Amino acid sequence: MVNFFQLLSAILDNDPDRLLISPSEKKIVASYGESKIIQLRDYKNYQSFKSEVLLALENQNIGFGSLSFDMTDDSKENTWRNFPLGEFYFPSYVFIFENNTISEYGNNHQLKKQILENSKEKKLTRTIPINNDNNHYPWIDLVEKAKLDISKSNIQKIVVGESITYENMDIDIKQTLFNMAYEYPDCVTFLFKNSDDYFFGSTPEKVFNYNKGILTTDALAGSIPNEGQEEDQIRNMFNNSILQKEHNIVVEFLENQLLKISNIKAKKSKLKIKSLSNVNHLLLELETNVEENNFFEFINLLHPSPALAGFPINDAKQWIKSNENFHRGLYTGSIGYVEKNSSYFFAALRCAKFSSKDKNITTFAGNGIIENSKTNYEINELKSKFEAINRSIKVN
């Protein structure tokens, strides 16, 4: 039987361009080399971008997609210079490990041999974590403004984001990704590399999975810092807080959106607690039947959800565009891959963008805010999310 983390170590040593890792599912999808790339740099060209991608998929077995949080926002910001509004990347070789079985798209016998034979397992190693001594005062002011604006409008929720840039910093991207996958086995750790920029993270939230006619999505919202509480304690904390309302907004939105692509009312799981090492979330899974793999339609209807933007969606997006002091780009965007009869996309959360050329790293996090949100609580939650990123980063 293949050792999962030993295999991951070997894959990382061979510098993949796209990578998705799900330790809980024992699944790794890694791509190497580029055969074709399709980019969207102006939203007015979206329909032609979409048509070109669909045409390419007729002749390609797999394509990796990345779509910005707001594809209508073409603000030019240096942080995202190597990542367009939308992109589909068709690799020359893909190595997949799933169900304890290895499969491939394309042929690269030498690379496959290197992955399988020439590696020793990495260990979980860290230097001193990046010190986040940021006081977040501008973000706190923005949270207060969001609460005020919610009280005076029809907006029910706004996800207020924050970014922190560290200059003159070089990181070991391979070890960092290994750390993330090891530290957060119930998340999907990802890497999308363009030129000398690396966009990576470890997300707890899927936008959707589509396979064999079944479409599933996550209503993941509401956060309580993980301080070792028992599950009953966590449930009581959620029940006695405003976080349940925040989560219900997401569930109702997804139920209504799924009815637009399926005549069958979505099945809902029981309400769960998704416990990560740093934070607990409310999670409810929704499932429905859809005949075709219309992944662009799925993305259009399900992304961004109120868990990523707020609600109503368009009002919240406009507020974010007018008030946040950074361009989100791929943060809270949708990243994943498409095969002939399946597609898998995830929300780009708990993430960072590293430039090996400029030697800087920008980390991203955010909180869902409603009118009665408690600012002190929100600060602690935000810090725990940044800590989840910073603790895994291996600084050279």
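Let us look at the structure shown here. (Residues numbered from 1 in each chain as written. Predicted model: local features only at pLDDT ≥ 70, side-chain atom pairs only at ≥ 80, totals over all residues. Heavy atoms only, no water.)

Structural notes on the pattern of salt bridges
We apply this condition: Salt bridges are counted wherever a side-chain nitrogen of Lys or Arg sits within 4 Å of a carboxyl oxygen of Asp or Glu. Secondary structure elements follow DSSP: runs of H or I no shorter than four residues count as helices, runs of E no shorter than two count as strands, and numbering proceeds from the N terminus. Exposed residues in this analysis have more than 50% of their type's maximum accessible area, buried residues have under 20%, and partly exposed residues fall in between, with area computed by a 1.4 Å probe over protein chains only.
Tallied over the full model, the rule gives 17 salt bridges. The salt bridge partner of aspartate 149 is lysine 145, with a shortest N-O separation of 2.8 Å. Taken together, the residues span about one helical turn, with aspartate 149 and lysine 145 both in helix α4 (residues 137-151) at a distance of four residues. For lysine 145, a relative accessible area of 35% puts it in the partly exposed group. Ionic pairing is found between lysine 353 and aspartate 197, a salt bridge with its closest N-O pair at 3.5 Å. Placement of lysine 353 in strand β17 (residues 351-355) and of aspartate 197 in strand β8 (residues 197-203) is noted, with a sequence separation of 156 residues between them. Look at lysine 353 and you get buried, because its relative accessible area is 3%.

Some points on empty space enclosed by the protein
What counts here: The distinction between a cavity and a pocket rests on a 1 Å grid over the protein atoms alone: a 1.4 Å probe fits inside a cavity but cannot get out, while a pocket stays open yet meets protein on both sides within 12 Å along at least five of seven lines, and a residue with an atom within 4 Å of a point counts as lining. Grid points are joined across faces, edges and corners, and a volume is the space filled by probe spheres set on the points.
For the coordinates displayed, the defined rule picks out three cavities of 30 Å³ or more. Roughly 240 Å³ of volume is contained in the largest cavity. Taken together, 22 residues line the largest cavity, and the ones lying closest to its centre are Ala307, Leu349, Arg350, Gly366 and Lys385. Secondary-structure elements contributing two or more residues to the lining of the largest cavity are β6 (157-166), β10 (214-225), β18 (360-369) and α10 (375-390).

Points about the nonpolar core
Note the cut-off: As used in this record, nonpolar core signifies buried Ala, Val, Leu, Ile, Met, Phe, Trp, Tyr and Cys residues forming a set joined through side-chain atoms within 4.5 Å. What makes two residues a contact is simply this: any of their non-hydrogen atoms within 4.5 Å.
Ranked by size, the top nonpolar core spans 64 residues in total, and within it Phe49, Val53, Phe64, Phe88, Phe208 and Phe295 carry the most contacts. Looking at this core element by element, the count peaks at six residues for helix α8 (residues 295-302). Excluding anything up to four places from it in sequence, phenylalanine 295 contacts Val53, Leu54, Leu57, Phe88, Phe208, Val338 and Ser343. Of all hydrophobic cores here, the second largest spans 52 residues; its members include Leu7, Ala10, Trp139 and Ile158.

Structural notes on the pairing of strand β15 (residues 334-339)
What counts, and what does not: Only when DSSP finds a minimum of two bridges between them are two strands counted as paired.
Burial of β15 is extensive: six of the six residues sit out of reach of the surface. Here strand β3 (residues 62-67) runs beside β15; their pairing, made up of six bridges, is antiparallel. By the bridge assignment for β15, serine 66 is matched with isoleucine 335. Two elements, β15 and strand β16 (residues 342-347), share five bridges in a ladder whose sense is antiparallel. Residue pairing in the sheet places serine 334 in a bridge with alanine 347 of β16.

Some remarks on the environment of serine 269
Residue position: serine 269 is located in the loop between β11 (267-268) and β12 (272-275). Taking C-alpha positions, serine 269 is 8.9 Å from leucine 283, a pair spaced 14 residues apart along the chain. Residue contacts for serine 269: discarding those within four places in its chain leaves Leu284 and Glu285.

Quick look at the state of the cysteines
Inclusion rule: We call a pair of cysteine sulfur atoms a disulfide when they lie within 2.5 Å.
Across all of its chains, the model carries zero disulfides by this definition. Looking at cysteine 187, it has no disulfide partner, and the nearest cysteine sulfur is the one in cysteine 351, 12 Å off. The exposure class of cysteine 187 is buried, given its relative accessible area of 2%. Since its relative accessible area comes to 0%, cysteine 351 is described here as buried.

A short note on the packing of aromatic side chains
Cut-off, in case you're wondering: Think of it this way: a Phe, Tyr or Trp ring, Trp meaning its six-membered ring, pairs with another when their centres are within 6.5 Å, and the plane angle makes it stacked under 30 degrees, edge-to-face over 60, tilted otherwise. Comment: the charge-over-ring label is applied if NZ (Lys) or CZ (Arg) is within 6 Å of the ring centre and within 35 degrees of the ring normal.
By the definition in use, this model includes 30 aromatic pairs. Ring plane angle 35° and centroid distance 6.5 Å describe the contact between tyrosine 32 and tyrosine 93, whose orientation is recorded as tilted. Of this pair, tyrosine 32 sits in strand β2 (residues 27-40) while tyrosine 93 sits in strand β4 (residues 86-98), and the two are 61 residues apart along the sequence. Judged by relative accessible area, tyrosine 32 falls into the buried class, the value being 6%. A relative accessible area of 1% means that tyrosine 93 is categorised as buried. Seen from the ring of phenylalanine 4, lysine 26 lies directly overhead, with NZ or CZ sitting 5.7 Å from the centre.

Focus on the side chain of serine 384
For clarity, the cut-off: For the purposes of these results, a polar contact is taken to be a pair of N or O atoms within 3.5 Å, where, inside protein, one atom must be able to donate a hydrogen and its partner to accept one; residues adjacent in sequence count only when each atom of the pair is a side-chain atom.
As for its position among the elements, serine 384 is in helix α10. Looking at serine 384, its side chain comes within polar contact range of the main-chain oxygen of glutamate 381, at 2.7 Å.

Structural notes on the layout of surface pockets
The condition is simple: Residues are sorted three ways: Asp, Glu, Lys and Arg are charged, Ala, Val, Leu, Ile, Met, Phe, Trp, Tyr, Cys and Pro are nonpolar, and all the rest, Gly among them, are polar.
What the largest pocket holds in volume is close to 430 Å³. Secondary structure elements with two or more residues in the lining of the largest pocket: α2 (46-57), α7 (243-258), α8 and α9 (313-323). No other element matches the five residues that α8 contributes to the lining of the largest pocket. Residues of the lining of the largest pocket, tallied by class, amount to twelve nonpolar, six polar and four charged.

With respect to the packing of α4 against α10
Spelled out, the test is: Working convention: axes come from line fits to C-alpha atoms, limited for helices to the stretch in contact. Angles between N-to-C directions cover 0 to 180 degrees. Working rule for angles: under 35 degrees goes down as roughly parallel, over 145 as roughly antiparallel, 65 to 115 as roughly perpendicular, anything else as oblique. What makes a crossing left-handed is the near helix being turned counterclockwise from the far one by less than a right angle; a clockwise turn instead makes it right-handed.
With their axes 11 Å apart at the nearest point, α4 and α10 run at an angle of 130° to one another. The orientation of α4 with respect to α10, classified from their angle, is oblique. When the axes of α4 and α10 are compared, the crossing they make is right-handed. Every residue of α10 that contacts α4 at Trp139, Ile140, Val143, Glu144 and Lys147 is listed here: Thr375, Glu378, Ile379 and Leu382. A class-by-class count of the residues in the contact of α4 with α10 yields five nonpolar, one polar and three charged.

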